[in-house]
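As a plain string of letters, each chain reads:
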Amino acid sequence: MSVSSNASSASSVSGVTTSNGRRSSLGRNSESGTGSGTDSSELSHILNRRQVIIDSQEAGIEVPATFKVVNVYTEFHEFSRKQIKEYQKTFNTYDTGRDGYLDLTELKYMMEKLGAPQTHLGLKEMIKEVDEDNDGKISFREFLLIYRKAQAGELDNDSGLNQLARLTEISVEEVGVSGAKNFFEAKIEQQLRSNKFHDEIRQEQEERRRQEEEKANRRLLFQQRAAIFQ
């Protein structure tokens, strides 16, 4: 067999022929060269993948989801390596299934432990806001998106994700790696104390309001009785 025929055979890979005549491969592309991936190759991969999706949609063909290894240290450059490692520890604490994801049940458990329980609908909304691959659960990369959104002010103050970010935010620069665990536990304790403090204030206000109402009723009753003798 000639060299040209070998090359032709090697280049014949599984793919789809679209309505506009283009052919898009849905299989795994082999990487050329021996060097490590660069920014340009990453961009090429994204553009190629986008073209595959466009071509396949035009042909009415469903494109299966693909997954690639993500380097969170380079993607989330706004966080230090120490911070990401501490966030990983927090994530692993509640990833009780040890599958690398937080599902709805694990997220429910996490929010309850943080002292900010959510409704079933609220939990689903939390997942939906960062679930970029639409698998119904939160990967560690998507977990880091919560802190990125919080840092950028993209989360509503009363949202479940904002509460999660606020309660688990770790400043390793301030406490150091050895103190991060204590810092995390202190944040939880602080939130619990804060909730209790606000409850006590609310109870005192209600009691004060009740006493004022009773005083006003007694005054009115006295005035009504006094009017009888006038």
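Residues numbered from 1 in each chain as written. Predicted model: local features only at pLDDT ≥ 70, side-chain atom pairs only at ≥ 80, totals over all residues. Heavy atoms only, no water.

The next point concerns the overall build of the protein chain. In terms of regular secondary structure, the protein chain is built from nine helices and four strands. Walking the protein chain from its N terminus toward its C terminus, one meets helices and strands in the order α-β-β-α-α-α-β-α-α-β-α-α-α. Per-residue burial for the protein chain yields a buried fraction of 25% across its 230 residues. Contacts in the protein chain between residues at least 24 apart in sequence constitute 52% of all its contacts with a sequence separation of at least 6. (Helix = DSSP H or I, 4+ residues; strand = E, 2+ residues; numbered from the N terminus. Buried < 20%, exposed > 50% of the residue type's maximum accessible area, 1.4 Å probe, protein only. Contact = heavy atoms within 4.5 Å.)

An ideal rise of 1.5 Å per residue puts 20 Å on 14 residues; helix 4 (residues 81-94) measures up with 21 Å between its terminal C-alpha atoms. Gln 83, Ile 84, Glu 86, Tyr 87, Thr 90, Phe 91 and Tyr 94 are the residues of helix 4 that are buried. Looking straight down helix 4, one finds that the buried residues subtend no more than 165° of arc, so they occupy a single side. (Expected span 1.5 Å × (residues − 1). Arc of directions from axis to C-beta.)

This part is about the pattern of salt bridges. Under the definition given, this model contains eight salt bridges. Counted as one network, the salt bridges with shared partners bring together Glu 75, Glu 132 and Arg 141. (Salt bridge = Lys/Arg side-chain N within 4 Å of Asp/Glu carboxyl O.)

Before going further, it helps to examine the environment of Glu 75. For Glu 75, the position within the fold is in helix 3 (residues 72-75). A relative accessible area of 24% means that Glu 75 is categorised as partly exposed. C-alpha of Glu 75 to C-alpha of Arg 141: the two residues are 66 residues apart in sequence and 9.2 Å apart in space.

With that out of the way, let us pick up the side chain of Ser 159. Locating Ser 159 in the fold gives a position in the loop between helix 7 (140-151) and helix 8 (160-168). Only 2.8 Å separates the side chain of Ser 159 from the backbone oxygen of Asp 156, close enough to count as a polar contact. Within the local environment of Ser 159, its side chain forms a polar contact with the backbone nitrogen of Asn 162, the two atoms lying 3.2 Å apart. (Polar contact = N/O pair within 3.5 Å; in protein donor to acceptor, adjacent residues only side chain to side chain.)

The full count for this structure, using the stated rule, is eight aromatic pairs. The interplanar angle of 15° and the centroid separation of 6.4 Å between the aromatic rings of Phe 76 and Phe 79 together place this pair among those described as stacked. Since its relative accessible area comes to 0%, Phe 76 is described here as buried. For Phe 79, a relative accessible area of 7% gives the class buried. Considering the side-chain rings of Phe 91 and Phe 140, the 5.5 Å spacing of their centres and the 65° angle between planes classify their relative orientation as edge-to-face. Of the two residues, Phe 91 sits in helix 4 while Phe 140 sits in helix 7, which places them 49 residues apart along the sequence. (Phe/Tyr/Trp six-rings, centres within 6.5 Å; stacked < 30°, edge-to-face > 60°.)

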